[in-house]
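# Descriptive analysis of the structure
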Amino acid sequence: MEGTTNEQQKKGISKGLIALIVGIVVLAGGTALAFMLIKDSPKNAYFLAEKDTWEYMVERAEERYQPEFDWYEKTQTDKTASSLELTAEYNDPAAGSMGYGMDPATLINNSSIKLDSQTDMENKQVYTGISANIAGMEINDLQVFVTDEKVMVGVPFLEEVLQLNDQDFGPLLHEVDPATFTGEETLGLDTLFESAGEIFPEEYKTHIEDEYFKLIYDELPDDAFTSSDETVEVNGESINSEKIELHLTEQQFKDILTTVLDKMEKDDKLKEIIKEQMVAQQFGGIYMEDELDTFTEDFEASITEAKDGIEELQIPDGLTSSLWIADNKIVQREFVLEMGTNAEELAKISITGSQLLTDENQFFDYDVAFSDAYEEGTMNIAGDLNWKGNEATDSINLTVEDFVLSYDGTETLADGTREFNRVFTVEDPASGGGSLYWTGDATYEADKMNAAHQISLETPDLSQDMFTLNMNTEGQTIDSVETLSEDNVKDLGSMSTTELQEYFENDVAPSFQQWLFGLMSSGGMGF
């Protein structure tokens, strides 16, 4: 961050409270409030500008990447198959031998990994077959079949297929460690088959909009909004705009924030939504019931702490948020909030910048600044995205002091094929930085697709042509998903912990060792 940091113990306002306040303000401004239909007041015009601006940006992205969105939608509604093959090219004359007379280039350049997947999201079935060639050593017959109720795994060193039912997972964990697990735990397999809309369903969106966004909207006084005409300079253009300023006094801001926190503290539905989102994001891990109970307690405690903190807040200038609007879209923004527990320890956050959005060009340049009695800093994010005649030239930069993360890309789209060159660069004096190069092409048709990607790195110690990762993908619609045979299944969930231990020690481990020895003695990797 820009400026200095005081090493003494920091006191004063919690940054968590600041984040909560800013989050509430931003979410309230950006949501598509269904009850605001006409621009009949500065208050409505303020929120409609946020809504219209966001929707315009989403529409531009969907138009540019329509083939990709269409194919994604097809994978969610139709049965589809896809293959991904990974290979690499390594060229480092200075690299030494790995042993067995083989250098790294020989191993990497003569190896590949392939994943063949089939999905049926509607019937909740996923099949994946994995194969590999590691410098002549062939590995095949690794298979996984998943439904919302069970996982089946086939491996080349066992005749039987391993199976674990979702309903058996919790009891198995409970038998292993009854003190930690309740027996109610699941693998969360159903989350695999949820689309983005299902992960956060319309019911949840409606609840948050009705109970919070509308609450904030209703609590905001109409006379807190003022309107005036103003000409602003954006990206070299002079624009006649309507400036709408929202200003809340210290007491008005405190009252609204307290009202929202009171609602959150008593909202069991909100707590349930957050808990379900925690579980949904934890696929592959486990949330115990006591952890979720602890979360609820912590959530309630943090709300109480935040409410107590509001009483102590000093906000001498209140909250000010200004929008400059032209053609129903925001062209300039300024948000300023300064507060603290006393006049000597005020923390200030500001968001200032401009944007100009058209069908062919999306420009934005924003500074996010923070300062308190101990430190200060500014982050800038700027971008210039151009799309004209199915050709794109894009640039985005995020800058914090001497650290810069940037993206530069070009694209063309013709006859369903997108060709692209993308470069992600880190400029960091401390580490020397580097760049990731991503080039390739992708073709989308009604019932099939294919793509080829090449990724390489460049750092102070690595030239761009030293290592390249190749990813080739193909996809198509299919009639049905392949499954694993249930004629010879080892149901792990029906076994006791003792039986499991004996099975893996006496059957799985010896079979794996024998398979691995035969694999290594077959000539691959120079053995």
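I will try to describe carefully the structure that is included in this document. (Residues numbered from 1 in each chain as written. Predicted model: local features only at pLDDT ≥ 70, side-chain atom pairs only at ≥ 80, totals over all residues. Heavy atoms only, no water.)

Turning to the pattern of salt bridges, a few remarks are in order. Taken as a whole and assessed by the stated rule, the structure comprises 24 salt bridges. R333 serves as the salt-bridge partner of E50, at 2.9 Å between the closest nitrogen and oxygen. Highlighted residues: E50 in helix α2 (residues 42–64) and R333 in strand β10 (residues 329–340), separated in sequence by 283 residues. Residue E50 is classed as buried on the basis of its relative accessible area of 12%. One salt bridge in this structure joins R60 and E59, with 3.9 Å as the shortest N-O distance. Assessed through its relative accessible area of 38%, E59 is described here as partly exposed. Among the charged side chains, a salt-bridge network with shared partners connects E59, R60, E63 and D359. (Salt bridge = Lys/Arg side-chain N within 4 Å of Asp/Glu carboxyl O. Helix = DSSP H or I, 4+ residues; strand = E, 2+ residues; numbered from the N terminus. Buried < 20%, exposed > 50% of the residue type's maximum accessible area, 1.4 Å probe, protein only.)

We now examine the side chain of K150. Positionally, K150 belongs in strand β5 (residues 150–154). For K150, a relative accessible area of 16% corresponds to the buried category. Among the polar contacts made by the side chain of K150, one reaches the side chain of E486 at a distance of 2.8 Å. Those residues in contact with K150 that lie beyond four places of it in its chain are F145, Q163, L164, N165, D166, L189 and E486. (Polar contact = N/O pair within 3.5 Å; in protein donor to acceptor, adjacent residues only side chain to side chain. Contact = heavy atoms within 4.5 Å.)

Right, let's get into the packing of helix α7 (residues 202–219) against helix α8 (residues 250–266). One way to put it is that α7 packs onto α8 with a least axis distance of 10 Å and a crossing angle of 155 degrees. With respect to their mutual orientation, α7 and α8 come out roughly antiparallel. With respect to the hand of their crossing, α7 and α8 are arranged in right-handed fashion. Residues E211, Y212, L215, I216 and E219 of α7 touch α8, and the partners they reach there are I256, T259, V260, K263 and M264. (Axes fitted to C-alpha atoms, helices over the stretch in contact; angles between N-to-C directions. Parallel < 35°, antiparallel > 145°, perpendicular 65-115°, else oblique. Left-handed = near helix turned anticlockwise from the far one by under 90°.)

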